[in-house]
Amino acid sequence: MTAGHGGSLTVVGIGPGRLDWCLPGVAARIASATDLVGYRRYLDLVGVETTARRHPSNNRVEADRAAFALDRAAGGGEVVVVSSGDPGVFAMASAVVEQLDRWPDRWRNVRLEVVPGVTAAQALASRVGAPLGHDFCVISLSDVLKPWDVIERRLDAAAGADFVIALYNPTSRHRPWQLGLAVEVLASHRDPITPVVVGRDIGRPDEEVRVLRLDQLAEAGADMRTVILVGSSTTRVLEGRPLGASVYTPRWYGLPEGHRPTAPSNHATA
Ligand SMILES: C[S@@+](CC[C@H](N)C(=O)[O-])C[C@H]1O[C@@H](n2cnc3c(N)ncnc32)[C@H](O)[C@@H]1O
């Protein structure tokens, strides 16, 4: 399809799973859509009243889902693709733009918009204070779309450069060994008592948050609904404070006089 009156394709982030953590325009976009495309679980999480036709899919066929959504929009639909968190972080916005890159003459009549959302790392950070207060990076441990040696190299470089590191897709039934290997790489640069924040189902009814040490992470029981923040050398834990004010990474770098490295003494859970 090259010309004519196409519709629109909006890729929205619904945040980690609560509508009140979405940008204000997201619910209205979903409500007025003709078609909703996305992983079944995310469509269910949305919970917005809509007469849109739903096109649920599993989570493994992003390219097909993106092309399907573009086709519906090219045919005049007001199509909304739903991603969890931010649609640009390991999610559908990239899959959609990649399709436009692969097929430059197709879908020219489609108006594309990406609406950002709160990504899992930010959501978890907000639950414990401010662990992302200094330089940080985000790494997916999934080797479905990139080779494991690239992941190891990036972990090594990021840990060596003393970033706070957010780990997405930490482990799954098909790749239970990856988090353990990742911890080995991180531990070659970091103190074993480095604070680590483990969050599961953040913003959802079964939310769980724990503050651990790096040497406890491999056995922390993470899964694909878990995101992990590994502290840098300056990340600190405040003992005796509520969980929501318990971990931060200062804006300064280096340990000023009077500050010592700190470590969580207990597992904190919410
Ligand atoms: C394919 S990535 C999608 C990331 C998403 N676009 C975002 O910005 O949060 C899926 C991974 O994100 C993390 N994740 C997404 N939502 C989460 C939540 N509510 N609680 C914990 N982790 C979450 C997990 O690491 C999960 O394996």
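Quick caveat, the model's predicted, so the values are computed rather than measured. (Residues numbered from 1 in each chain as written. Predicted model: local features only at pLDDT ≥ 70, side-chain atom pairs only at ≥ 80, totals over all residues.)

1. Some details on the site of the ligand
Logical step 1: Residues in close proximity to the ligand total 23 residues, the closest being P16, G85, T119, A120 and V227.
Logical step 2: Every element with two or more residues in the shell around the ligand is listed here: β9 (195–200) and β11 (226–230).
Logical step 3: Broken down by class, the residue content of the shell around the ligand amounts to nine nonpolar, nine polar and five charged.
Logical step 4: Counting the residues that make up the shell around the ligand, at least three belong to each of domain 1 (8–118) and domain 2 (121–269). (Near = placed C-beta within 6 Å. Helix = DSSP H or I, 4+ residues; strand = E, 2+ residues; numbered from the N terminus. Nonpolar A, V, L, I, M, F, W, Y, C, P; charged D, E, K, R; others polar. Domains from an automatic or database assignment.)

2. Quick look at helix α4 (residues 92–102)
Logical step 1: The complete set of buried residues in α4 reads M92, A93, A95, V96 and Q99.
Logical step 2: Residues of α4 that are buried in the fold lie against β1 (8–13), α3 (62–74), β4 (78–83) and β5 (111–115). (Buried ≥ 20, exposed ≤ 12 C-beta atoms within 10 Å, placed from the backbone. Contact = placed C-beta atoms within 7 Å.)

3. Concerning the sheet that holds strand β6 (residues 129–130)
Logical step 1: Reading across from one edge, β6-β13-β12 is the order of the three strands in this open sheet, with mixed pairing throughout. One side of each edge strand has no neighbouring strand; the edge strands of this open sheet are β6 and β12 (236–237).
Logical step 2: Pairing geometry for β6 and strand β13 (residues 247–248), over two bridges, is parallel. Looking across to β13, one finds that A130 is bridged to Y248. (Pairing = 2+ DSSP bridges.)

4. Observations regarding the domain arrangement of the protein chain
Logical step 1: Domain parsing of the protein chain yields domain 1 (8–118) and domain 2 (121–269).
Logical step 2: Here domain 1 and domain 2 have C-alpha centroids that lie 29 Å from each other.
Logical step 3: If you look at the interface, domain 1 gives eight residues, while domain 2 gives eight residues.
Logical step 4: Among the residues forming the side of domain 1 that touches domain 2, the class breakdown is five nonpolar, two polar and one charged.

5. Let's talk about helix α6 (residues 148–160)
Logical step 1: Between its first and last C-alpha atoms α6 spans 18 Å; for 13 residues at 1.5 Å apiece the expected length is 18 Å, and the two agree.
Logical step 2: Along α6, the residues that are buried comprise I151, L155, A158 and A159. Projected onto a plane normal to the axis of α6, the buried residues spread over an arc of 95 degrees and lie on a single side. Exposed positions of α6 whose direction lies more than 90 degrees from the buried face are D149, V150 and R153.
Logical step 3: Buried-residue contacts for α6 involve β7 (136–140), β8 (164–168) and α7 (178–187).
Logical step 4: Among the residues trailing α6, D162 stands out with phi positive, at a value near 65 degrees. (Expected span 1.5 Å × (residues − 1). Arc of directions from axis to C-beta.)

6. Observations regarding the environment of L141
Logical step 1: Examined against the element boundaries, L141 turns out to sit in the loop between β7 and α6.
Logical step 2: In this structure L141 comes out as buried when scored by C-beta crowding, with 22 C-beta atoms within 10 Å.
Logical step 3: Each C-alpha atom, one on L141 and one on V230, is 13 Å from the other, the two residues being 89 residues apart in sequence.
Logical step 4: Setting aside anything within four residues of it in sequence, one finds L141 in contact with I151, L167, N169, P170, T171, Q178, L179 and A182.

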